[in-house]
Amino acid sequence: MISIRNLKKIYRTEEVETTALDNINLDIKEGEFLAIMGPSGCGKSTLLNILGLIDSPSHGEHHFLGQEVSKFSERQRAGLRKGSIGFVFQSFNLIDELTVYENVELPLLYMDVSASERKERVGAALEQLEILHRKSHFPQQLSGGQQQRVAVARAVVSRPKVILADEPTGNLDSKNGDEVMNLLTDLNRSGTAIIMVTHSAAYAECAHRIVHVLDGHIVGENMVKHHLAMN
Amino acid sequence: MLKNYVLVALRILLKQKGYAAINIAGLAAGMACCCVIFLYVADELSYDRYHERVDRIYRLTMTSRLSGSDRRFSRTALPVAPVLAAAFPEIEAVVRLYGRSAGTQVLNGDAKPVLGGRFQEERFFFADSTVFRVFSFPLLKGDSATALAQPNSVVLTEETAHKYFGDADPMGHTLLFEGTHPMKVTGVARNLPDASCVHFDVLASFDMLVLENQSAANFLNTDWLFGPLYTFVLLREGVDRKHIEQQLPDFARRHANPQYADKIRFSLQSMADIHLYSEYTDEEHPNAITYVYIFSTIAILTLMVACINFINLSTARSFVRAREVGVRKALGAHRSQIVVQFLGEAFVIALAAFIISIALIELLLPGINELTEKHLSLFRQDSAAVLLGLAGIFLFTAFLAGCYPAFVISRLRPIAALRGGAVEHRASGGRLRRMLVVAQFAISIVLIAGAIIVSGQMTYMRSLPLGFYRDHVLTVPLFSEDLLTILGTPMTTELRSRTNAFEEALHRNPRVEAITLSSVLPGNGSVITSVLPEGVSHDIPIFISWLSVDYDFVQTYGLQILSGRSFSRQVGTDHLQAFIINEAAAKEFGWTIHNAVGKRLRRGDAQTGKDGVVVGVIRDFHVASLHERIRPMLMDVEPTTFAYFSIRVHSGDLHGTIAFIERTWKEFFPNRIFEYHFLNRQLESMYRSEEKLSGIIQGFALLAVFISCMGLLGLASFTTARRTKEIGVRKILGASVWNIVLLLVAEYTVLVLVAIGIALPVAWWGTYRWLEAFAYRIEPGPGMFIAAGAATLAIALLTVSWLSVRAALRNPAQALRYE
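What you see is a predicted model, and the numbers here were worked out from it, not measured in a lab.

Conventions and cut-offs
- Residues numbered from 1 in each chain as written.
- Chains lettered and ligands numbered in written order.
- Predicted model: local features only at pLDDT ≥ 70, side-chain atom pairs only at ≥ 80, totals over all residues.
- Heavy atoms only, no water.
- Helix = DSSP H or I, 4+ residues; strand = E, 2+ residues; numbered from the N terminus.
- Buried < 20%, exposed > 50% of the residue type's maximum accessible area, 1.4 Å probe, protein only.
- Contact = heavy atoms within 4.5 Å.
- Areas by Shrake-Rupley, 256 points an atom, 1.4 Å probe, with all protein chains shown as cover.
- Lys, Arg positive; Asp, Glu negative; His and termini not counted.
- Charge placed at Lys NZ, Arg CZ, Asp CG, Glu CD.
- Rg over C-alpha atoms; globule rule 2.2 N^0.38 Å.
- Pairing = 2+ DSSP bridges.
- Axes fitted to C-alpha atoms, helices over the stretch in contact; angles between N-to-C directions.
- Core = buried A, V, L, I, M, F, W, Y, C linked by side-chain atoms within 4.5 Å.
- Salt bridge = Lys/Arg side-chain N within 4 Å of Asp/Glu carboxyl O.
- Phe/Tyr/Trp six-rings, centres within 6.5 Å; stacked < 30°, edge-to-face > 60°.
- Lys NZ or Arg CZ within 6 Å of the ring centre and 35° of its normal.
- Buried area = accessible area lost by both parts, 1.4 Å probe.
- Polar contact = N/O pair within 3.5 Å; in protein donor to acceptor, adjacent residues only side chain to side chain.
- Nonpolar A, V, L, I, M, F, W, Y, C, P; charged D, E, K, R; others polar.
- Expected span 1.5 Å × (residues − 1).
- Bend = angle between axes of the 7 residues up to and from the residue.

(A) Region of the structure containing the overall build of chain B. If you tally the helices and strands in chain B, you get 25 helices and 22 strands. Expressed along its principal axes, the backbone C-alpha trace of chain B runs to roughly 100 × 65 × 55 Å. Burial status across chain B gives 55% buried among its 819 residues. Within chain B, contacts between residues at least 6 apart in sequence are counted, and of these 79% link residues at least 24 apart. When the accessible area of chain B is evaluated, it comes to approximately 34,900 Å², of which 59% is carbon and sulfur surface. Here chain B carries 78 positive and 72 negative side-chain charges, and the mean point of each set is 14 Å from the other.

Next comes the structure, spelled out in structure tokens:
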């Protein structure tokens, strides 16, 4: 589904050139659950952003669903993003001025989904994540765990092929963190690929495969045991 | 999607009430001002356009070159019109108009005056019967072809007819003109629009004018130089004005009086240009176009200041919205969708501001109408164009104010936007924002400097010694309010003895300090006369100002005799052969102040003029307005032309003194209406357009500063919020509150200083150009401009330092926790 070859990302300011990612090669299959680990500043979020088509690489190839996307314009990437990729952020990134329902509805609006279908899909997503009773609340009126549920609902409502999660549990206590991980695992079981950046070794164990990033390079890769066992 | 945008826009406005209030209030104020000025300009530009044939109507104007320099007159002499009509077949019709103030009386069926039926009409006009062919003055009653064709006929406006006769039909009724001549009402005209340079309440047939001036009729009917009235011509369709104008020099040479036939030139001025583009010696409100330009500039500047606010506040806030933009983009929004969303928000805010501004305009209009002496209104029958214009202002503002923020915010890359957005944004947006603040303050400073200098000039003119007493001088017109006394009823011997008796009666009251009569009032301009001084060649007549004054004029007005003496009753022959001239006249004639006394002089021509001797030279005083330099001037005692009493009274118990004067007036002149003015107020009214400008520019300067400061407040609050962490770190590292305040204030001080640097040359140039219109003017020193800059700087710093102190006092731990 996703294939990256010799990918390089360089940030330039007037005086400094920083190589955030160097010589990255990575393949992600449909339905896979991949965890990316590494210390702060190693480039894992940059990698995630490139995989999510919200940033573009400086060099290298990037195939997404069979298309070479590394030279895509922002407009093309936006077109590909909607409907194919869902996002879950560490800081939830819900729009404060919109209610739970409206936040979840937003991706469908950009996809020009009809009103009746929107209603149905938003309702289903909220129910799936057990926050339907909070649909008229604003984000600030919810707990962190509830906010992240809304974020996950927003990510799944467009029925994406892949969900990108950038430290989805980073701002949550362990109980809420566990819940969110359970949600992601469930989603993965129902067929959605998940790429997750995390600091937590325990949560990384939920994935099929873990990729270790250090100083912009992939320094290691291992399959998770339970997954191996299941296989 | 639209619903989503509107919801977000409204919720954001509600959540950030302060921001919304600043934004909307600033925009509303800017729009209101722009709209008001738009109404004013639209009104100015609509003058006289209501005449159906306006593009074929021209006013005959005259330029005379009698004493070296050209003098341009909008009025022309009586005999020109009929000759003109006969000489040019291309002219369809000619009409003469003469307006003055006149007393009227309503008579009943028995030709007896109706009780309470006496009026003083300020706009009493005499016109040829062709008036209705040239102009579009529709008659509600009567036939426009014949209404003024008969002698002694009169047309009233609807309003005047109602004033005189109530709901009764005025047709066929008789009015008495100046208590002597009966006139028959032959028509009722629809009320005239305000935007009209010809404005009558009563329109009498032209023969009345000659009728009441029998003694001067011969002079008036033959002299081509003395221009008391307006001559309008209607050209036939397809006739080019230039074609007629080319033949006018020859026309003047053939028909005008030979002694000055080659010294006068005629030209045609388009009716549509009269209000806006008139610059004539005898025009009361010259060159309205100057003020149209000045006010339009002010309107655009004010609107720009308000728009800049909007742009600045919106882009400054964009870092708050950046995350939202990032999320939207991550979810698949295109840039165009973001642009539409933010433009839409701008429109919502602009719409709110526009609605408030309409309410504001309605609130402000009465005051503005008083200031501008107009009847501006948002909602009139003919206001479709005006409303369309207002809608244009709204759309323009919304677009101007919304465009920049929309495009800046939508440009954010989603990755940067999600990170907080400020990083890549600060570099470009920040610089532009600073430039806009500079522009905003530069505009404010220009307006403040303008306000200071205009009001400085007004104060200067009010305090400038005019060379005569002007305080506590009451002026009472003897016949009617008219500068051109030559057309008033001449002073008879009987009347002269009555005025003398009136003066004596007044002198018995100790509060009356002095009283005199004169043909015109000092400061109000004068009639021009030809003179022939001793020792000057006979070939070229010299034309100078002429005042006919009574014996005690010099004493009443406190004029200073430099050599010789004042007029004196004791001498016995002063009314026959004595002249007093001013310094400028002595200089013009090549005399000194001392050797002038005793020189011979002739005023007027050999037949009707006056020969005499100069008995005194007075110090120059301002006979005309301060727009003009002092000209050579001549005074003599010529009672037949007296038109005004000037009564200098003691400052105490003015009411009692005026009541006493009125009682005495009624005793001596029972048939004449008593009206009086204070001379100093009359003089001030000559500078009304400048007063108007002064008031308006002060208002706008205050407003611009107010809007700018609101913007600054909003901007500074966002900047300090963004620098919260920096402030916290600095405080932890040992910075004092004072250090922090300085740090925050310094940024804005630099901006205002740059604005001062840009604004002052512009302000200097603009005010210099404006002051050029005054012969006597202040020399604005650097102090005035520095004051404008300093005032702006002080207000700006006050605004910013309040926020800065608050930010600096905050607990640093709290500041850092926000990160």
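Back to the text.
(B) Structural context of the overall build of chain A. Within chain A one finds 8 helices and 10 strands. For chain A, the C-alpha radius of gyration of 18 Å lies close to 17 Å, the compact-globule estimate for 231 residues. Its C-alpha atoms give chain A principal-axis dimensions of about 45 × 40 × 35 Å. The buried share among the 231 residues of chain A stands at 55%. Considering only contacts within chain A whose residues lie at least 6 apart along the sequence, 66% involve residues at least 24 apart. Total accessible area on chain A is roughly 10,000 Å²; 47% of this is exposed by carbon and sulfur atoms. Charge-centre separation for chain A: the mean point of 24 positive side chains lies 4 Å from the mean point of 29 negative side chains.

(C) Examining the sheet that holds strand β8 (residues 193–197) of chain A more closely. Residues and elements named next belong to chain A. The 6 strands lie next to each other as β6-β7-β8-β3-β9-β10, forming an open sheet whose pairing is mixed. With one partner strand each, in any of the chains shown, β6 (85–88) and β10 (217–223) form the two edges of the open sheet. On average, adjacent strands in this sheet sit at an angle of 20° to one another, irrespective of strand direction. The sheet contact formed by strand β3 (residues 33–37) and strand β9 (residues 209–214) spans 4 bridges and is parallel. Of the residues in β9, the one forming a bridge with I36 is V211. Across the face of the sheet, helix α5 (residues 144–157) comes into contact with β6 and β7 (162–166) while running at roughly 170° to β6. Each of β3, β7 and β8 is contacted by helix α6 (residues 174–189), which is oriented at about 150° to β8, the strand it contacts most.

(D) Representation of the nonpolar core in the model. Formed by 157 residues in total, the largest nonpolar core has its most connected members in B:M635, B:F645 and B:I647. For this core, the element with the most residues is helix α2 (residues 17–45) of chain B, which contributes 17 residues. Ignoring sequence-local partners within four residues, the contact set of B:F645 consists of B:L474, B:T475, B:V476, B:L478, B:T499, B:F502, B:E503, B:I515, B:T516, B:L517, B:W665 and B:F669. Within the second largest apolar cluster, 50 residues are counted, among which are A:I50, A:L51, A:L53 and A:I54.

(E) Focus on the side chain of A:Q147. With respect to the helices and strands, the residue A:Q147 is situated in helix α5. In this structure A:Q147 touches A:F92, A:L94, A:P139 and A:L142, once residues within four positions along its chain are discounted.

(F) A look at unusual backbone geometry. Even without a glycine there, the phi angle at A:N23 is positive, about 50°. Among the residues examined, A:N23 registers a relative accessible area of 45% and is labelled partly exposed. One non-glycine residue, B:D48, lies in the positive phi region at around 65°. Tracing the chain through its elements places B:D48 in the loop between α2 and β1 (57–67). You can call B:D48 buried: its relative accessible area is 0%.

(G) Representation of the pattern of salt bridges in the model. Within the structure shown, the criterion is met by 31 salt bridges over all chains. Via salt bridges that share partners, B:R603, B:K610, B:D636 and B:E638 belong to a single interconnected network.

(H) Quick peek at the packing of aromatic side chains. Residues and elements named next belong to chain B. Summed over all chains, the structure comprises 34 aromatic pairs over all chains. Where F502 meets F668, the ring centres are 6.1 Å apart and the plane angle is 70°; that geometry is what we call edge-to-face. One end of the pair, F502, is in helix α15 (residues 493–507); the other, F668, is in helix α19 (residues 654–668), with 166 residues separating them in the sequence. One exposure class covers both F502 and F668, and it is buried. The ring of Y40 carries K374 above its face, with NZ or CZ at 5.3 Å from the centroid. One residue, R603, lies across the ring of W546, its end atom 3.9 Å from the ring centre.

(I) Summary view of the pairing of β9(A). Residue and element names in this part refer to chain A. As paired elements, β9 and β10 share 6 bridges and run antiparallel to each other. Considered in β10, the bridge of H212 is made with G220. With antiparallel pairing between neighbouring strands as the criterion, β9 and β10 make up a hairpin whose turn holds 2 residues, including D215 at a positive phi of roughly 50°.

(J) Just the environment of B:L148, in detail. Along the chain, B:L148 falls in the loop between β5 (139–141) and β6 (153–157). Not counting chain neighbours up to four residues away, the residues in contact with B:L148 comprise B:A127, B:D128, B:S129, B:V131, B:F132, B:S153, B:V154, B:V155, B:L203, B:A204 and B:S205.

(K) Seen up close, the environment of B:H255. All names here are of chain B. Looking at where H255 falls in the secondary structure, it is placed in helix α8 (residues 241–255). Residue classification places H255 among the partly exposed residues on the basis of a relative accessible area of 32%. Residues H255 and P79 lie 176 residues apart in sequence; the distance between their C-alpha atoms is 9.6 Å. Those residues in contact with H255, other than ones at most four positions away along the chain, are V83 and W224.

(L) Broad picture of the interface of chain A and chain B. Taken together, the 28 residues of chain A in the interface contact 24 residues of chain B. Summing both partners gives a buried area of about 2,400 Å² for chain A against chain B, and 57% of it is carried by carbon and sulfur. When the area that chain A buries against chain B is broken down by residue, the three leading residues are A:N93, A:E97 and A:Y110, summing to 29%. For the interface between chain A and chain B, the tally reads 1 salt bridge. Close ionic contact of B:R11 with A:E102 constitutes a salt bridge, the shortest N to O distance being 2.5 Å. Applying the counting rule to chain A against chain B returns 5 residue pairs in polar contact (both at pLDDT 80 or more). Taken together, the elements giving at least two residues each to the side of chain A that touches chain B come down to α2 (74–81) and α3 (100–110) of chain A. Here the residues of the side of chain A that touches chain B are counted per class, giving 13 nonpolar, 6 polar and 9 charged.

(M) Structural view of α8(B). All names here are of chain B. The terminal C-alpha atoms of α8, which comprises 15 residues, lie 20 Å apart, in line with the 21 Å expected from a rise of 1.5 Å per residue. A maximum bend of about 35° is found in α8 at L248, where proline P249 lies one to four positions downstream. Along α8, the positions that sit buried rather than exposed are I244, L248, F251 and A252.

(N) Fine view of the environment of B:K610. All names here are of chain B. Looking at the element boundaries, K610 is found in strand β19 (residues 610–618). Distance in space between the C-alpha atoms of K610 and L576 is 7.5 Å, their sequence separation being 34 residues. When sequence neighbours within four positions are dropped, the list of residues in contact with K610 reads H575, L576, F579, L601, R602, R603, D636, V637 and E638. A polar atom in the side chain of K610 sits 3.0 Å from the backbone oxygen of H575. Reaching out from K610, the side chain makes a polar contact with the backbone oxygen of V637 at a distance of 2.9 Å.

(O) Up close: helix α12 (residues 384–411) of chain B. Taking 1.5 Å per residue, 28 residues should reach 40 Å; α12(B) reaches 40 Å between its end C-alpha atoms and fits that length. Its maximal kink placed at B:G402, α12(B) deviates by approximately 30°, while the proline B:P405 follows within four residues.

(P) Expanded view of the pairing of strand β8 (residues 181–189) of chain B. Residue and element names in this part refer to chain B. Counting buried positions along β8 gives 7 out of 9 residues, so the element sits mostly inside the fold. With 2 bridges connecting them, β5 and β8 associate as antiparallel partners. Looking across to β8, one finds that K141 is bridged to V188. In this structure, β6 lies alongside β8, joined through 5 bridges in parallel fashion. Bridging from a neighbouring strand, V154 pairs with V185 of β8. When strand β7 (residues 174–177) meets β8, the two strands line up antiparallel, connected through 4 bridges.

(Q) Local environment of the sheet that holds strand β21 (residues 644–649) of chain B. Residues and elements named next belong to chain B. One open sheet holds the 4 strands; their spatial order is β13-β21-β12-β22, and the pairing between them is antiparallel. A strand with exactly one partner marks an edge of an open sheet, and here the two such strands are β13 (512–518) and β22 (677–678). Together, β13 and β21 form the strand contacts of α15, whose direction differs from that of β13 by roughly 165°. Contacting β12 (473–477), β13, β21 and β22, α19 runs over the sheet at an angle of about 145° to β21.

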